Amino acid sequence: MSRLTFLGAVGEVTGSRYLLDVDGPSRPHRLLLECGLHQGGRELEGANAVPFGRLAGQLEAVVLSHGHLDHAGLLPKLVREGYRGPIHCTADTAELLEIMLVDAAFVMAKDLEWENRWRSRAGKPALEPLYDEDDVVRTLEQCEPHDYGRPVTLPGDVTLVFRDAGHILGSAIVELAIPSGGQRRRLVFSGDLGNPASALMKTPEKVHEADLVLMESTYGDRDHRPLPDTLEEFARVLDEAHADGGNVLIPAFAVGRTQEILYHLSVLYHEGRLHQQMVFLDSPMAIRVTELYARKHKALDPDDLRVLNVAAHGDPGQYLPILRLTRSVEESMAINRIHGGAIIIAGAGMCNGGRIVHHLRYNLERPSTRLVIVGFQARGTLGRQLVEGAERVRVLGEELAVKARVHTLGGFSAHAGQSELIGWAGAFRDHPRFYLVHGEPEAQRALQAALEEAGIQAEIPAYRQRIEL
Ligand SMILES: [Zn+2]
């Protein structure tokens, strides 16, 4: 019998990792599905340092659903520890990975430089990074890009097909046919399923055949606010900021959310509803990803692109003429001199680092400023403090009074809500076994109950649980 072991994204939304032991025609084979980074807090991130051990040498293939770090961010560590086999992903994921992993290695090296300076003063030994740029280069060389819908043969006579998951550029649902006990068993892994309402991405493909389904459950406990309501609120906030003569700050995640916000700003601009004269995208990584999205516009939702009435190729400024891409630190610092009328999109998405922190320092004490939160803010981050209405916060070592107005817009999400998850699950014929992954326990239990009402039985696996296919 072939088996699957749950090694990550169990009762949590990061660190995706599933091991497949395939009972092949002549000998056993080991394959890995996902190799994600644990994110959010020291304790959780400590899990990233645990060595892969013998597994790195035993694996014959890695399959990857998409380029987000919580799914792909430990690949260079696997390679550093000796994995030399192929990494199967979609072609767009391979290109996105190049941006994501180079940045991850860079940020890691920078953080470690600070930490090691402190450790050396305290007489402690220096820490090693999980991986460096050389490991990333090798990882990228091992990527084997594939198109959606094209079957690929993996070791052990396993067949792989990617389907569009509509979550971010290149994101895929993974379909595997695996020999097990003399039969072929069909395993479908949802990857991260997109939100059909969100701009630019296509609707997640439905799959009808499976014996076993691993389904994400990030928003298993709720539906998102309808997008049109969110967009109206967004437009109103922009209007008010313009009337008050203040800047609008949008902390944004580099992949997906940034491009979606730029899309909505473009639509408002073309409708003549955007009064601001300057939009800054102030993040070198988000700029690179935005340019990739523009180059890959054929993979995006054609209906959304039609709204812009332009073939969005080359410079993203073509569809938002007032967009300024600020790559250098000098250009970024120059924005600080602007006291009103600008929209500033900068990372990090949770305000826990990056250029947004500097903009907060200059704008948070002005009552005319609008801070627009468009993504999830984890506990312990500056973004979370601001969302929860903190009156004073520490920014870059300085205590600031929060006079800016903070708006949280809940309708921008790159994940399917509960109803969409149930709809996707309901498309399978023949009652496959469902396992809920990639979700916090409350969300998983709520989804399990809602699926049950829809006549679908789903289990919540435990860490290291092993199941037979
Ligand atoms: Zn994702």
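Going by an unreviewed UniProt entry, the protein carries the name Metallo-beta-lactamase family protein and comes from Halomonas organivorans.

Draft legend 1. Examining the pairing of strand β5 (residues 87–90) more closely. Across two bridges, strand β4 (residues 59–63) lies against β5 in parallel orientation. Within β5, the position partnered with V63 by the bridge is H88.

Draft legend 2. Quick peek at the packing of aromatic side chains. For the structure on display, the rule yields six aromatic pairs. Judged by centre distance (6.1 Å) and plane angle (90 degrees), the rings of F6 and Y18 are edge-to-face. With F6 in strand β1 (residues 3–8) and Y18 in strand β2 (residues 17–23), the pair connects residues that are twelve residues apart, well separated along the chain. Each member of the pair F6 and Y18 is classed as buried. An angle of 80 degrees between the planes, with centres 5.8 Å apart, marks the rings of F428 and F434 as edge-to-face. The pair formed by F428 and F434 is uniform in burial state, with each residue classed as buried. Of the aromatic side chains, those joined through ring pairs into one cluster are F6, Y18, F189 and Y435. Stacked on the ring of W114, the Lys or Arg R117 has its end atom at 5.0 Å from the ring centre.

Draft legend 3. Representation of the coordination of the zinc ion within the structure. Donor atoms from the polypeptide that bind the zinc ion are H66 (NE2), H68 (ND1), H167 (NE2) and D192 (OD), placed at 2.2 to 2.3 Å. One can describe the donor arrangement at the zinc ion as irregular, given that its four donor atoms subtend angles of 91 to 165 degrees at the metal. Summarised as a motif, the one-chain spacing of the donors to the zinc ion is H-x1-H-x98-H-x24-D. One end of the pair, H66, is in the loop between β4 and α3 (69–72); the other, D192, is in the loop between β10 (183–189) and β11 (212–216), with 126 residues separating them in the sequence. Given the relative accessible area of 0%, H66 is considered buried. Using a relative accessible area of 2% as the deciding quantity, one classes D192 as buried.

Draft legend 4. Focus on the domain arrangement of the protein. We note that the domain assignment places domain 1 (3–222 + 414–468) and domain 2 (227–408) within the protein. Computed over C-alpha atoms only, the centres of domain 1 and domain 2 are separated by 29 Å. The largest share of the area that domain 1 buries against domain 2 comes from I99, L169 and L200, three residues that together contribute 36% of it. In this structure, the connection of domain 1 to domain 2 is made through three salt bridges. One salt bridge connects D92 with K296, and the closest N-O pair in it is separated by 3.3 Å. Run the count over domain 1 and domain 2 and you get six residue pairs in polar contact (both at pLDDT 80 or more).

Draft legend 5. A look at helix α5 (residues 91–121). Taking 1.5 Å per residue as the helical rise, α5 with its 31 residues ought to reach 45 Å, and the 46 Å between its terminal C-alpha atoms agrees with that figure. Note on α5: the residue one or two positions beyond its end, G123, has a positive phi of about 75 degrees.

Draft legend 6. Helix α7 (residues 227–244), seen in detail. For α7, with 18 residues, the first-to-last C-alpha span of 26 Å sits near the 26 Å given by 1.5 Å per residue. Among all positions in α7, only L227, T230, E233, F234, A235, V237, L238 and A241 are buried. Buried residues along α7 sit in contact with β12 (248–251), α8 (257–270), β15 (342–346), β16 (370–373) and β19 (405–408). Of the residues trailing α7, G245 is marked for its positive phi of about 75 degrees.

Draft legend 7. The arrangement of the environment of A425 in detail. On the secondary structure map, A425 appears in helix α14 (residues 418–425). The class for A425 is buried, based on a relative accessible area of 2%. Considering only alpha carbons, one finds A425 and A47, 378 residues apart in sequence, at a separation of 31 Å. Not counting chain neighbours up to four residues away, the residues in contact with A425 comprise M215, F434, L451 and I456.

Draft legend 8. Up close: the sheet that holds strand β8 (residues 158–164). Ordered by their spatial adjacency, seven strands build an open sheet running β7-β8-β9-β10-β11-β20-β21, and the pairing between neighbours is mixed. Strands at the two margins of the open sheet, each flanked by one partner only, are β7 (152–154) and β21 (458–459). Inspection of the sheet shows strand β20 (residues 433–437) paired to β21 by two bridges, in the parallel sense. Counted as the bridge partner of Y435 is E459 from β21. Lying over the sheet, α14 contacts β9 (172–180), β10, β11 and β20, oriented at roughly 165 degrees with respect to β11.

Draft legend 9. Representation of the nonpolar core within the structure. Core analysis: the biggest nonpolar cluster contains 104 residues, and L214, L265 and I345 have the highest contact counts within it. Sort the elements by how many residues they give to this core and α5 lands first, with nine residues. Built from parts of two domains, this core gets at least three residues from each of domain 1 (3–222 + 414–468) and domain 2 (227–408). When near neighbours in sequence (up to four residues on either side) are disregarded, L214 contacts L4, F6, Y18, L187, V188, F189, S190, Y435 and V437. If you look at the next biggest cluster of nonpolar residues, it comprises 22 residues, including L249, L360, L371 and V402.

Draft legend 10. Geometry of the sheet that holds β16. In spatial order, the strands read β14-β13-β15-β12-β16-β19; together these six strands make up an open sheet with parallel pairing. Each edge of the open sheet is held by one strand with a lone partner, namely β14 (323–325) and β19. The mean inter-strand angle of the sheet, taken between neighbouring strand axes irrespective of direction, is 20 degrees. Relative to β14, strand β13 (residues 278–281) is paired through three bridges, and the arrangement is parallel. Residue pairing across strands places F280 opposite R324, the latter belonging to β14. This element, α8, spans β12, β13, β14 and β15 of the sheet and lies at about 160 degrees to β15. Across the sheet, helix α12 (residues 356–363) lies against β12, β15 and β16, angled at about 150 degrees from β12, the strand it touches most.

Reading guide: rules and limits
- Residues numbered from 1 in each chain as written.
- Predicted model: local features only at pLDDT ≥ 70, side-chain atom pairs only at ≥ 80, totals over all residues.
- Heavy atoms only, no water.
- Pairing = 2+ DSSP bridges.
- Helix = DSSP H or I, 4+ residues; strand = E, 2+ residues; numbered from the N terminus.
- Phe/Tyr/Trp six-rings, centres within 6.5 Å; stacked < 30°, edge-to-face > 60°.
- Buried < 20%, exposed > 50% of the residue type's maximum accessible area, 1.4 Å probe, protein only.
- Lys NZ or Arg CZ within 6 Å of the ring centre and 35° of its normal.
- Donors = N, O, S within 2.8 Å, 3.2 Å for Na, K, Ca; no water.
- Tetrahedral: all angles 85-135°; square planar, octahedral: opposite > 155°, others 65-115°.
- Domains from an automatic or database assignment.
- Buried area = accessible area lost by both parts, 1.4 Å probe.
- Salt bridge = Lys/Arg side-chain N within 4 Å of Asp/Glu carboxyl O.
- Polar contact = N/O pair within 3.5 Å; in protein donor to acceptor, adjacent residues only side chain to side chain.
- Expected span 1.5 Å × (residues − 1).
- Contact = heavy atoms within 4.5 Å.
- Axes fitted to C-alpha atoms, helices over the stretch in contact; angles between N-to-C directions.
- Core = buried A, V, L, I, M, F, W, Y, C linked by side-chain atoms within 4.5 Å.

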